[in-house]
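# Fold and contact review
Each chain, written out:
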Amino acid sequence: MRIGLIGLGRIGAFHADTLAGLDHVDELVVTDPVAAAVEAVTGRIGKATAVVDPDALLASGVDGVVIAAATNAHADLIRAAVAKGVPTFCEKPVAGTIAESLAVEAAVAGSDVPVQIGYPRRFDPAFVAARDAVRSGELGRVTTVRSTTLDPAPPPAAYLAVSGGIFRDCSVHDLDAVRWVTGQEVVEVYATGAVDPDAPAEMYAAHGDHSTVSALLTLSDSTIGVVSNTRTNGRGYDVRLEVHGVADAVAAGLDEGLPLRSTTPGATWPAGPAHGFFMDRLAEAFRIELGVFTRVAAGEVDNPCTVTDAMGTAWAAEAATLSLAEHRPVTIDEARAAAGA
């Protein structure tokens, strides 16, 4: 297969290596406005060929395209790829705003060109096993699900200025994991947050953003969900999910790289080293996810995360953002009404 890759920043360059390692990907066609980023990828990946821009890439006869460009470019690139009939994988979110996301959903609704949105935890073996445990009924009635993402350090201030806030750019992974693992939808969110007092204003306060947040979720079957996030977890990158049922309980992410230090005398677990970032903690999940996309592009399997599916997560993030701003519980219906949907 020939796979296109638009955007060669941090995640795009990582995806280039992952795609190049898939046996059935014979060639990568890549593009990025930053020449040095293009040269870095083509210099180390022999099967990567550069083109001048996304239009040239989509016209080059690729079998599928991976969009890893900036969030504010997602909407136009998805529409362009679908118009060319090119199966598309796009990193979350669907678009930079909920209005743009709704427009993309409407634009692709009648198309048979698959658009897969990237939520890698759906492919992490431990998260898959947790979902299987829920769906098999072995946990009994699920009472509580907890999902955690703790970043070791915040992204650059320039990223935070356009990210839309921590619920839209970080917590969405947890919100999606809760939805996917339980098979339930979020119906109400009650969120709270704090700002790092030592952080400069341009990091959070100037954008109405927060460095640490939590959200209490009510799911469609009355299960309670808990989401917790921070941008400053000094010990490492912490991604976990717990599912508690009346018969049993399971956890994903309790491995030797868990960035926690036990205070129990004599305890030696976890042995470490701690996960440093998402690219080591979720490397296998990304590999499986992109491998599945190539099969989606080939028409071999169904799309595991459609635009409409991803919108369920987007609405939960919108409700959390509104809840935090207004200091009250917010239903998904209220979030939709506030967006004019």
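Rules used in this analysis
Here the residue numbering is sequential within each chain, running from 1 through the sequence in written order. Reporting in this predicted model follows two pLDDT cut-offs: at least 70 for local features of residues, and 80 or more for side-chain atom pairs to be given and counted; totals over whole chains, interfaces and linings ignore these cut-offs and use all residues. To obtain the side-chain values, all non-hydrogen atoms of the structure were used and water was disregarded. UniProt positions are given in the numbering used here, feature names are shortened, and annotations may be inferred rather than shown by experiment. A run of DSSP states H or I qualifies as a helix once it reaches four residues; a run of E qualifies as a strand once it reaches two. Both are numbered from the N-terminal end. Working rule for helices: expected span equals 1.5 Å times residues minus one. Think of it this way: the bend at a residue is just the angle between two axes, each fitted to seven residues, one set ending at that residue and the other starting at it. Buried residues are those whose accessible area, probed at 1.4 Å on protein chains only, stays under 20% of the maximum for their type, while exposed residues exceed 50% and partly exposed ones sit between those limits. DSSP-based pairing: two strands are paired if at least 2 bridges between them are found. Contacts between residues were defined by any pair of non-hydrogen atoms, one from each residue, lying within 4.5 Å. A fitted line through C-alpha atoms serves as each axis, taken over the contacting stretch for helices, and the angle formed by two N-to-C directions is quoted from 0 to 180°. Aromatic rings from Phe, Tyr and Trp, taking only the six-membered ring of Trp, are treated as a pair when their centres fall within 6.5 Å; an angle between ring planes under 30 degrees marks them as stacked, one over 60 as edge-to-face, and anything in between as tilted. Angular relationships are summarised with four words: roughly parallel below 35 degrees, roughly antiparallel beyond 145, roughly perpendicular across 65 to 115, and oblique for the angles in between. Helix crossings are classified by the rotation of the near helix relative to the far one: an anticlockwise turn of less than a right angle makes the crossing left-handed, while a clockwise turn makes it right-handed. Classes in brief: Ala, Val, Leu, Ile, Met, Phe, Trp, Tyr, Cys and Pro nonpolar; Asp, Glu, Lys and Arg charged; the others, Gly included, polar. The patches described consist of residues with a relative accessible area above 30% and no salt bridge, like charges being joined within 9 Å and nonpolar side chains (Val, Leu, Ile, Met, Phe, Trp, Tyr) within 5 Å. Throughout, the Shrake-Rupley method with a 1.4 Å probe supplies accessible areas, and for residues the shown protein chains are the sole cover considered. For this document, the term salt bridge refers to a Lys or Arg side-chain nitrogen within 4 Å of an Asp or Glu carboxyl oxygen.

The next subject is the UniProt feature "domain: Gfo/Idh/MocA-like oxidoreductase N-terminal" (unreviewed entry) in the protein chain. Mapped onto this structure's residue numbering, the UniProt feature "domain: Gfo/Idh/MocA-like oxidoreductase N-terminal" (unreviewed entry) falls at residues 1-119. The span residues 1-119 is 39% helix and 21% strand, and its two end C-alpha atoms sit 23 Å from each other.

In this section: helix α8 (residues 166-182). Here α8 contains 17 residues, and its C-alpha end-to-end distance of 23 Å stays within 8% of the 24 Å for a straight helix at 1.5 Å per residue. At V172, α8 shows its maximal bend, which comes to roughly 55°. In terms of burial, α8 is a largely internal element, 16 of the 17 residues being buried. Backbone geometry just after α8 places G183 at a positive phi near 75°.

Taken in spatial order, the seven strands of this open sheet run β12-β11-β7-β10-β9-β8-β13, and their pairing is mixed. Unpaired on one side and paired on the other, β12 (249-252) and β13 (330-331) mark the two borders of the sheet. Judged from the seven bridges that link them, strand β7 (residues 142-150) and strand β10 (residues 224-230) form a sheet pairing that is parallel. In the strand pairing of β10, S147 is matched with V227. On top of the sheet, helix α6 (residues 125-136) reaches β7, β11 (238-245) and β12; it is set at about 10° to β11, its chief contact. Strands in contact with helix α11 (residues 307-326) are β8 (186-194), β9 (212-219) and β13; relative to β8, the strand with the most contacts, it is inclined by about 45°.

Right, let's talk about the pairing of strand β4 (residues 64-67) for a bit. Walk down a regular strand and you will see the side chains alternate between the two sheet faces. Where burial is concerned, the two faces of β4 agree: the one with G64 and V66 and the one with V65 and I67 are both buried. Sheet topology places strand β1 (residues 2-6) next to β4; four bridges connect them, and they run parallel. Bridge pairing in β4 links I3 to G64. The pairing of β4 with strand β5 (residues 88-91) spans three bridges and is classified as parallel. Paired with V65 across the strands is T88, a residue of β5.

It is worth spelling out the packing of aromatic side chains at this point. One pass over the full model with this rule turns up five aromatic pairs. Ring plane angle 65° and centroid distance 6.2 Å describe the contact between Y237 and F277, whose orientation is recorded as edge-to-face. Of the two residues, Y237 is situated in the loop between β10 and β11 and F277 in the loop between β12 and α9 (278-281); the sequence distance between them amounts to 40 residues. Judged by relative accessible area, Y237 falls into the buried class, the value being 5%. Classification of F277 by relative accessible area gives partly exposed; the value is 23%. Among the aromatic residues, ring-to-ring pairing joins F14, Y237, F277, F278 and F286 into one connected group.

This part covers the sheet that holds strand β6 (residues 115-118). In space, the six strands of this open sheet follow the order β3-β2-β1-β4-β5-β6, with parallel pairing throughout. On the outer flanks of this sheet lie β3 (48-50) and β6, each paired with one strand and no other. The sheet shows a mean angle of 20° between the axes of neighbouring strands, taken without regard to direction.

Now for the packing of α8 against α11. The description of two helices packed together rests on the angle between their axes and the distance between the axes. Across the interface, α8 lies against α11 with an axial gap of 9 Å and an inter-helix angle of 125°. On the basis of their axis angle, the class for α8 and α11 is oblique. Both α8 and α11 take part in a crossing whose hand is right-handed. Residue-level contacts link F167, R168, V172, L175, D176 and R179 of α8 to D309, G312, T313, A316, A317, E318, A320, T321 and L324 of α11. Considering only residue class, the contact of α8 with α11 consists of seven nonpolar, three polar and five charged.

Next up on the list: the packing of helix α5 (residues 98-108) against α11. Two elements in contact, α5 and α11, have axes whose closest approach is 11 Å; the angle formed by their N-to-C orientations is 165°. The angle between the axes of α5 and α11 places the two elements in the roughly antiparallel class. Viewed along their axes, α5 and α11 form a crossing whose handedness is left-handed. Contacts between α5 and α11 involve I98, S101, L102, E105 and V108 from the former and V307, T308, M311, A314, W315 and E318 from the latter. Its residues assigned to classes, the contact of α5 with α11 comprises seven nonpolar, two polar and two charged.

A few words on the pairing of β12. Relative to β12, β11 is paired through four bridges, and the arrangement is antiparallel. Its bridge partner being in β12, V243 is matched across the sheet by V250. What sits between the antiparallel neighbours β11 and β12 is a turn of three residues.

On the surface, a nonpolar cluster with roughly 260 Å² of combined accessible area is contributed by Y190, L216 and I224. Mapped onto the secondary structure, Y190 falls in strand β8. Judged by relative accessible area, which is 42%, Y190 ranks as partly exposed.

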